[in-house]
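# Per-entry structural report
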Amino acid sequence: MKKLTVGLVGCGTVGKGVAHLIRSKQAFIRARYNVDLRLKTLCDLKIDKKFLGTIGKVHTTHDFNELIQDPQIDLVIELIGGHHPALEIIKGALQNGKHVVTANKAVISTFGQELFRLAHKVSRSIYFETTVLAGVPIVKTLTEGIAGNQYAGLHGIVNGTCNFILSEMESNGIAFDEAVKLAQAKGYAEADPSLDINGKDSAHKLAVLVMLAMGKFIQGSDIYTEGITHIAPEDLKYAEEMGLTIKLLAIAKKKGDGIEARVHPTLISKKHPLASVKGVYNAVQLEADILGDLLLVGKGAGQMAAASGVLSDLINAGLDNATTDRTWIGDAPEELGALKLLSMDKIETEFYIRLMIIDRPGVLSKITGILGAYGISIASLTQKTVSKNNVVPLVMLTHTAKEIDVRRALEKIVKLGSVKAEPVAIRMEPL
Ligand code: HSE
């Protein structure tokens, strides 16, 4: 029987779930995997006494150094999130000869290469299944399940909070703020929910996916990122009338010697499988060269969805089955590492544009004239009948256009006296 004694730093929602699972699944893990998994120490600034009474005999500390220097601990679970002191905890644990399990996408997307190299150097492993899609095994899928495949692109719904908010707004007509509160109450959102709704959490996850699928280390902060705060219920309604829905998508595509990587609200056909991924469910669709398209779907946020990913990493650590032992993690092959991250100006896509305009003769021709001057071709155009003070919504879909041309055209359009609010422009993916 392999003994695996672990210490856990971060006793929030997910940490508590993991501590409970280690206890409740102990006998099963011994029987099925021949691994004797034990939680020795819990570390956090504050630890709930009532919770401690439910997990058996566990030592507690406020000082993570005590845990990472304990010679009896084989592996440290880092669940505090954010950059610091998470980075110091992970490095300290590796340098003290311990394996690491982390759910921290901010740290892996920012310092991944440095950390994986350190892990190789000290012959220890970092397990990070929970960084993307919580417990849904996208990391194992990319590194082992369909090893040998290469990817032309991927599309993901990787933030449970945003998907929950958009689904609630669309299906139940619930207001944005109310949906955010509900997502927080259900334990989906980050400690700071702005990371979810401004798209940063998705950008961190996309950086991890690009690293695994395309062998390129990019920083979450280098990825073009737009959140969902500007999405209005009427845009969801107009989209629905056209057989479309709006999802916050994380998108990566190989283009020649470059990679497009972007996170933004995106219109997709209601008929595409990603459109039926609702609520807290997440999904990643991979375009694999050998297997073809593959869609992984499951709960992407919440206490047990995340705790499941951490438990799976712990069992894999007990079985010495480490993702980071794959040599290309940490040292991408030359030809992949050389891929360039393309700037947004180079992107070409279709757009949904909503303008609030004064309903009077000549207005439309000025708008379509500006679009035409920038080479933007209109695929459909509808003036809605809802009118407030003679201001009406004008909804257009464009054919494929250059991002930079659309931006410049809208800058001109907004200066027309007849346009009464900031234009809404949402990119579309012809999936
Ligand atoms: N806040 C994240 C989400 C949790 O909503 O998806 C999982 O990373």
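Structural data are supplied above this passage.
Below is a short write-up of the structure.

Conventions used here
Sequence order sets the numbering: in each chain, residues are counted from 1 along the sequence as written. Local features in this predicted model are restricted to residues whose pLDDT is 70 or higher, and side-chain atom pairs enter the listing and the counts only when it is 80 or higher, whereas totals over whole chains, interfaces and linings include all residues. Heavy atoms throughout the structure, all of them, feed into the side-chain values; hydrogens and water do not. Stacked, edge-to-face and tilted are the three classes for Phe, Tyr and Trp ring pairs, Trp counted by its six-membered ring, which pair at centre distances within 6.5 Å; planes under 30 degrees apart are stacked, over 60 edge-to-face, the rest tilted. Distance and angle both matter: a charge sits over a ring if NZ of Lys or CZ of Arg is within 6 Å of the ring centre and within 35 degrees of the ring normal. Nonpolar side chains (Val, Leu, Ile, Met, Phe, Trp, Tyr) within 5 Å and like charges within 9 Å form the patches, drawn only from residues with over 30% relative accessible area and no salt bridge. Calculation of accessible area relied on Shrake-Rupley with a 1.4 Å probe; when residues are assessed, cover is drawn exclusively from the protein chains displayed. In the sections that follow, a salt bridge refers to a side-chain nitrogen of Lys or Arg positioned within 4 Å of a carboxyl oxygen of Asp or Glu. Burial here depends on accessible area, computed with a 1.4 Å probe over protein chains only, as a share of the maximum for the residue type. Under 20% is buried, over 50% is exposed, and the range in between is partly exposed. The near set for a molecule or strand comprises every residue that places at least one heavy atom within 4 Å of it. Polar contact is the term for a pair of N or O atoms within 3.5 Å; when the atoms are in protein, one must be able to donate a hydrogen and the other to accept it, and sequence-neighboring residues count only if both atoms are side-chain atoms. Lining residues are defined by having an atom within 4 Å of a point belonging to a cavity or pocket. Those points lie on a 1 Å grid over the protein atoms alone, cavities being sets where a 1.4 Å probe fits but cannot get out and pockets being open sets with protein on both sides within 12 Å along at least five of seven lines. Cavity and pocket membership follows a simple rule, namely that a molecule belongs there if more than half of its atoms are within 2 Å of the grid points. Runs of H or I in DSSP of at least four residues are treated as helices and runs of E of at least two as strands, each being numbered from the N terminus. Only Asp, Glu, Lys and Arg are considered charged, only Ala, Val, Leu, Ile, Met, Phe, Trp, Tyr, Cys and Pro nonpolar, and every remaining residue, Gly among them, polar. DSSP calls a pair of strands paired once it identifies at least 2 bridges connecting them. As used in this record, nonpolar core signifies buried Ala, Val, Leu, Ile, Met, Phe, Trp, Tyr and Cys residues forming a set joined through side-chain atoms within 4.5 Å. Note on contacts: a residue pair qualifies if any of its non-hydrogen atoms lie within 4.5 Å across the two residues. Multiply 1.5 Å by the residue count of a helix minus one, and that product is the helix's expected span. Grid points are joined across faces, edges and corners, and a volume is the space filled by probe spheres set on the points. Inter-axis angles, ranging from 0 to 180 degrees, are taken between N-to-C directions of lines fitted to C-alpha atoms, where helices are fitted over the stretch in contact. For classification purposes, an angle smaller than 35 degrees is called roughly parallel, one larger than 145 roughly antiparallel, one from 65 to 115 roughly perpendicular, and anything else oblique. By definition, any crossing whose near helix is turned counterclockwise from its far helix by less than a right angle is left-handed, and any crossing with a clockwise turn is right-handed.

## Brief notes about the packing of aromatic side chains
Going through the model one piece at a time under the given rule, you end up with four aromatic pairs. Ring geometry for Phe28 and Tyr33: centres 6.1 Å apart, planes at 90°, overall edge-to-face. Looking at Lys16, its charged tip hangs above the ring of Phe51, at a distance of 5.7 Å from the centre. Over the aromatic face of Phe28 sits the side chain of Lys25, whose NZ or CZ is 5.4 Å from the ring centroid.

## Topic: a nonpolar patch on the surface
A contiguous nonpolar patch, built from Tyr281, Leu295 and Val297 and spanning about 230 Å² of accessible area, is present on the exposed surface. With relative accessibility at 43%, the residue Val297 sits in the partly exposed group.

## A closer look at the site of the ligand
The environment of the ligand is formed by 13 residues, the closest being Lys105, Gly160, Thr161, Glu190 and Asp196. Contacts to the ligand include Asn159, whose side-chain N or O atom sits 3.5 Å from an oxygen atom. In the model, a nitrogen atom of the ligand is placed 2.7 Å from a nitrogen or oxygen of the Asp196 side chain. Of the pockets mapped on this structure, the ligand occupies the largest pocket. When contributions to the shell around the ligand are tallied by element, the ones reaching two or more residues are α8 (160-172) and α11 (200-214). A breakdown of the residues in the shell around the ligand according to their chemical character gives four nonpolar, four polar and five charged.

## Notes on the sheet that holds strand β3 (residues 59-61)
The parallel open sheet is built from six strands, whose spatial order is β3-β2-β1-β4-β5-β6. Each edge of the sheet is formed by a strand with only one pairing partner; in this case those strands are β3 and β6 (126-127). Direction of pairing for strand β5 (residues 99-102) relative to β6: parallel, over a ladder of two bridges. Across the sheet, Val100 pairs through a bridge with Ile126, a residue of β6.

## With respect to the pairing of strand β18 (residues 424-428)
The buried count for β18 comes to four of five residues, which makes it a mostly enclosed element. Of the pairings in the sheet, the one linking strand β10 (residues 258-269) to β18 comprises two bridges and is parallel in character. When the bridges of β18 are listed, Thr266 appears paired with Arg427. Sheet topology note: the strand β14 (residues 348-358)/β18 ladder contains five bridges and is antiparallel. Across the sheet, the residue bridging to Tyr352 is Ile426, located in β18.

## Points about the nonpolar core
The biggest cluster of nonpolar side chains holds 79 residues, and the ones touching the most others in it are Ile138, Leu206 and Ile228. Broken down by element, this core gets its largest block of residues, ten residues, from α11. Beyond its immediate sequence surroundings of up to four residues, Leu206 is in contact with Leu154, Ile223, Ala250, Ile251, Ala252, Ala261, Arg262 and Val263. Counting residues in each nonpolar core, the second largest holds 30 residues, with Val6, Cys11, Tyr127 and Ala322 among its members.

## Some points on α11
The end-to-end C-alpha separation of α11 is 20 Å, in line with the 21 Å expected for 15 residues at 1.5 Å each. Counting buried residues in α11 gives 14 out of 15 residues, a clear majority hidden from the surface. Phi turns positive one or two residues past the end of α11, at Gly215, with a value near 70°.

## Observations regarding the layout of surface pockets
Reported here for the largest pocket is a volume of approximately 900 Å³. Taken together, 39 residues make up the lining of the largest pocket; nearest its centre are Val14, Lys105, Ala189, Glu190 and Ala191.

## As for the packing of helix α15 (residues 363-373) against helix α16 (residues 403-413)
Relative to each other, α15 and α16 sit at 150°, their axes nearing to 9 Å. By the criterion of interaxial angle, the relationship of α15 to α16 is roughly antiparallel. For the crossing formed where α15 meets α16, the hand is right-handed. Across the interface between the two elements, Ile367, Ile370 and Leu371 of α15 pack against Ala409, Lys412 and Ile413 of α16.

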